[in-house]
Amino acid sequence: MIKKHVSVIILAAGQGKRMMAKSNKQFFKIEDKPILAYTIQCFLEHAYIDDIILVINQNEEEIVKNEVLNKYFKKNNFKIAYGGKERYNSVYNGLKVLDENTDYVLIHDGARPLVNKEEISIVVDTLRERKACVVGVPVKNTYKLINEFKEIEYTPPREKLYSVMTPQAFHRDLIVKAYQIGIDECAHVTDDAMMVELFTDEKVLIVDGSYENIKITIPDDILTMKRIIEGRTRYKK
Amino acid sequence: MKISKVDVILFCTQCNEDTDHEVIYFDSEIESLTCIECGKTTGLNHSELLSQYKHDWLTRIISKPHRMTEEMRKNLYDFIKNLPARMITKPKRVYNEVEDIKKIEKD
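In this text, all values refer to a predicted model and were calculated from it rather than measured experimentally.

How each quantity is defined
For every chain, the first residue of its written sequence is number 1, and the numbers climb from 1 along that sequence. Chain A is the first chain written and ligand 1 is the first ligand written, with later ones labelled in order. Two thresholds apply to this predicted model, a pLDDT of at least 70 for residue-level local features and 80 or more for giving and counting side-chain atom pairs, whereas whole-chain, interface and lining totals are computed over all residues. Side-chain measures here rest on the full set of heavy atoms in the structure, leaving out hydrogens and waters. Two strands qualify as a pair provided DSSP detects at least 2 bridges between them. The numbering of helices and of strands both runs from the N terminus, where a helix is a DSSP run of H or I of at least 4 residues and a strand a run of E of at least 2. All axes are obtained by fitting lines to C-alpha atoms, using only the stretch in contact for helices, and the reported angles, taken between N-to-C directions, cover 0 to 180 degrees. By the convention used here, residues are in contact when the closest approach between their heavy atoms is within 4.5 Å. The cut-offs work like this: below 35 degrees is roughly parallel, past 145 is roughly antiparallel, 65 to 115 is roughly perpendicular, and the gaps in between are oblique. What makes a crossing left-handed is the near helix being turned counterclockwise from the far one by less than a right angle; a clockwise turn instead makes it right-handed. Each residue receives one of three labels: charged for Asp, Glu, Lys and Arg, nonpolar for Ala, Val, Leu, Ile, Met, Phe, Trp, Tyr, Cys and Pro, and polar for the others, Gly being one of them. We call a set of buried residues a nonpolar core when its members are Ala, Val, Leu, Ile, Met, Phe, Trp, Tyr or Cys and they connect through side-chain atoms within 4.5 Å of each other. Burial status follows relative accessibility: with a 1.4 Å probe on protein chains alone, a residue under 20% of its type maximum counts as buried, one over 50% as exposed, and anything between as partly exposed. Buried area is a sum: the accessible area each of two parts loses on coming together, probed at 1.4 Å, counted once for each and added. The working definition used for a salt bridge is a side-chain nitrogen of Lys or Arg within 4 Å of a carboxyl oxygen of Asp or Glu. By the criterion applied in these results, polar contacts are pairs of N or O atoms within 3.5 Å in which, for protein atoms, one can donate a hydrogen and the other can accept it, and in which residues neighboring in sequence qualify only through two side-chain atoms. The arc in question is the one spanned by the directions pointing from the helix axis to the C-beta atoms. Only residues whose relative accessible area exceeds 30% and that take part in no salt bridge are eligible for patches, with like-charged residues grouped when within 9 Å of each other and nonpolar side chains (Val, Leu, Ile, Met, Phe, Trp, Tyr) grouped when within 5 Å. Using the Shrake-Rupley algorithm and a 1.4 Å probe, accessible areas are obtained, with residue cover drawn only from the displayed protein chains.

**Examining the sheet that holds strand β1 (residues 3-12) of chain B**
Right, so step 1: Pairing is antiparallel in the open sheet, where 4 strands are placed in the order β1-β2-β3-β4 (chain B). Across the chains shown, the open sheet's two edge strands, defined by having one partner strand only, are β1 and β4 (41-43) of chain B. Geometrically, the sheet is characterised by an average inter-axis angle of 25° between neighbouring strands, direction not taken into account.
Right, so step 2: As defined by bridge partners, strand β2 (residues 17-26) of chain B adjoins strand β3 (residues 29-35) of chain B across 6 bridges and the pair is classed as antiparallel. Residue F26(B) lies in a different strand from β3(B), and its bridge partner there is E29(B).
Right, so step 3: Where helix α7 (residues 219-234) of chain A meets the sheet, it contacts β1, β2, β3 and β4 of chain B, and its direction lies at approximately 165° from that of β3(B).

Written out as structure tokens, the structure is:
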């Protein structure tokens, strides 16, 4: 099997709208360690990953270097790219600094620190057969499509619905092409799979991820993360 | 034992938008997260903080002789040199800790 060069783009630029350097949740500490450090560690420790690109807020570069990279990952090298106004701008900036040898690109939210080794393995392994895949989990609730008056128009069958997460994984040529075509008309695009869906003919495969792969958004997520970490520590194989 | 506060932006399910949240740590343990806009708090009930402090205080008393012995073993000179100042300032340090907790409970 030919070894493929796998790069990861970790999006850690935070929200542009309400930014104060110290308030970015990526730097929030759980068990004395910033959330971003947990995220980076997952990929750093995985044998498939060859390099990591961190997309950060330019104003936070010092904090990222002093409180995350130099403190926890001193012996490692990372490429840095700066975030843009929206998520897709940040991804595009990350794609622009890819190593010339990169074959596969994984794109991951910095605020998803609980991604596990198996999820990373499965997306990379899938890319040997397919050009695009994302991790997701079957939804547990019922979802409705509504009209402009918030009246229900349609209930999609639950078995056909997945909640999609990151990492989202692509062959380099495909994702770069999708972004090059779509970057000027993607204001409504919410994830990288959607870029591929809209601007290429490629089908994106969903692979089963873990319900523990949460995105830190609300305060309860922080307590959930704490409990998951405690559980993983207690039951470490 | 150290009580510290940090600010972080999270999505408040009451305000329905991203807001500043004040996070209180007890040493490195998260005790609570409170939305600064609406006051919604997630985490430990503040009224339990003082009872936790009492429990922690008992543990500290019991372990004090052992901890002092270890300090003497590591550096007897520094231990003797610092002891008078520590004895004089101890009541004030304890008072400050209790006041911090009472202030948090009041908030």
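**Examining the packing of helix α3 (residues 87-96) of chain A against helix α5 (residues 172-182) of chain A**
All names here are of chain A.
Right, so step 1: Packing of α3 against α5 leaves a shortest axis separation of 11 Å and a crossing angle of 130°. On the basis of the axis angle, α3 is oblique to α5. Note that α3 runs across α5; the crossing there is left-handed. Counting all contacts with α3, which are made through R87, Y88, V91, Y92 and L95, the residues of α5 involved are I175, V176, Y179 and Q180.
Right, so step 2: Class assignment for the residues of the contact of α3 with α5 results in 7 nonpolar, 1 polar and 1 charged.

**Quick word on the nonpolar core**
Residues and elements named next belong to chain A.
Right, so step 1: Counting residues in hydrophobic clusters, the biggest one holds 33 residues, and the most contacted among them are I40, F43, I52 and L106.
Right, so step 2: When contributions to this core are tallied by element, the ones reaching two or more residues are β1 (6-12), α1 (35-44), β4 (51-56), α2 (61-72), β6 (104-109), α4 (117-126), β7 (132-138) and β10 (162-171).
Right, so step 3: Contacts of I52, omitting those with residues within four sequence positions, involve V8, I10, I40, F43, L44, F78 and K79.
Right, so step 4: One finds L95, A178, M195 and V196 within the second-largest nonpolar core, a separate group that totals 24 residues.

**Overview of the interface of chain A and chain B**
Right, so step 1: If you look at the interface, chain A gives 20 residues, while chain B gives 19 residues.
Right, so step 2: For the chain A and chain B pair, buried surface summed over both sides reaches about 1700 Å², with 61% attributable to carbon and sulfur atoms.
Right, so step 3: There are 1 salt bridge connecting chain A and chain B.
Right, so step 4: Here chain A is connected to chain B by 3 residue pairs in polar contact (both at pLDDT 80 or more).
Right, so step 5: Of all the elements in the fold, those that place two or more residues in the side of chain A that touches chain B are β2 (29-30) and α7 of chain A.
Right, so step 6: Top element by residues in the side of chain A that touches chain B is α7(A). It accounts for 5 residues.
Right, so step 7: Residue composition of the side of chain A that touches chain B, grouped by class: 8 nonpolar, 4 polar and 8 charged.

**Overview of α3(A)**
All names here are of chain A.
Right, so step 1: Within α3 the residues assigned to the buried category are Y88, S90, V91, G94 and L95. The buried residues of α3 occupy an angular sector of 155° when the element is viewed end-on, so they sit on one face.
Right, so step 2: If you follow the buried residues of α3, they end up packed against β1, β4, β5 (79-82), β6, α5 and α6 (192-199).

**Things to note about a nonpolar patch on the surface**
Residues and elements named next belong to chain A.
Right, so step 1: Among the surface-exposed residues, Y162, V164 and I206 lie close enough to one another that they form a single nonpolar patch of about 210 Å² accessible area.
Right, so step 2: Examined against the element boundaries, I206 turns out to sit in strand β11 (residues 205-208).
Right, so step 3: For I206, a relative accessible area of 35% gives the class partly exposed.

**Looking at the pairing of β1(A)**
Residue and element names in this part refer to chain A.
Right, so step 1: With 7 of 7 residues buried, β1 is to be regarded as a mostly interior element.
Right, so step 2: Neither face of β1 is exposed, since V6, V8, I10 and A12 on one face and S7, I9 and L11 on the opposite face are all buried.
Right, so step 3: As paired elements, β1 and β6 share 6 bridges and run parallel to each other. For L11, the partnering residue across the bridge sits in β6 and is D109.
Right, so step 4: Direction of pairing for β1 relative to β4: parallel, over a ladder of 6 bridges. Across the sheet, residue I9 finds its bridge partner in β4, namely I53.

**With respect to unusual backbone geometry**
Right, so step 1: That bond from T166(A) to P167(A) is cis: its omega, 15°, falls within 30 degrees of zero.
Right, so step 2: A positive phi angle, close to 70°, is found at D32(A), a residue other than glycine.

**Considerations on the pattern of salt bridges**
All names here are of chain A.
Right, so step 1: In total, this model carries 14 salt bridges over all chains according to the counting rule given.
Right, so step 2: The residue R128 makes a salt bridge to D125 at a minimum N-O spacing of 3.6 Å.
Right, so step 3: For the salt bridge of E212 with R232, the shortest nitrogen-to-oxygen distance reads 2.9 Å. Of the two residues, E212 is situated in the loop between β11 and α7 and R232 in helix α7; the sequence distance between them amounts to 20 residues.
Right, so step 4: Its relative accessible area of 32% is what places E212 among the partly exposed residues.
Right, so step 5: One salt-bridge network, held together by shared partners, links R87, D109, R112, D192 and K215.

**Focus on the environment of T233(A)**
Right, so step 1: Tracing the backbone through its elements, the reader meets T233(A) in helix α7.
Right, so step 2: With 188 residues separating them along the chain, T233(A) and E45(A) place their C-alpha atoms 16 Å apart.

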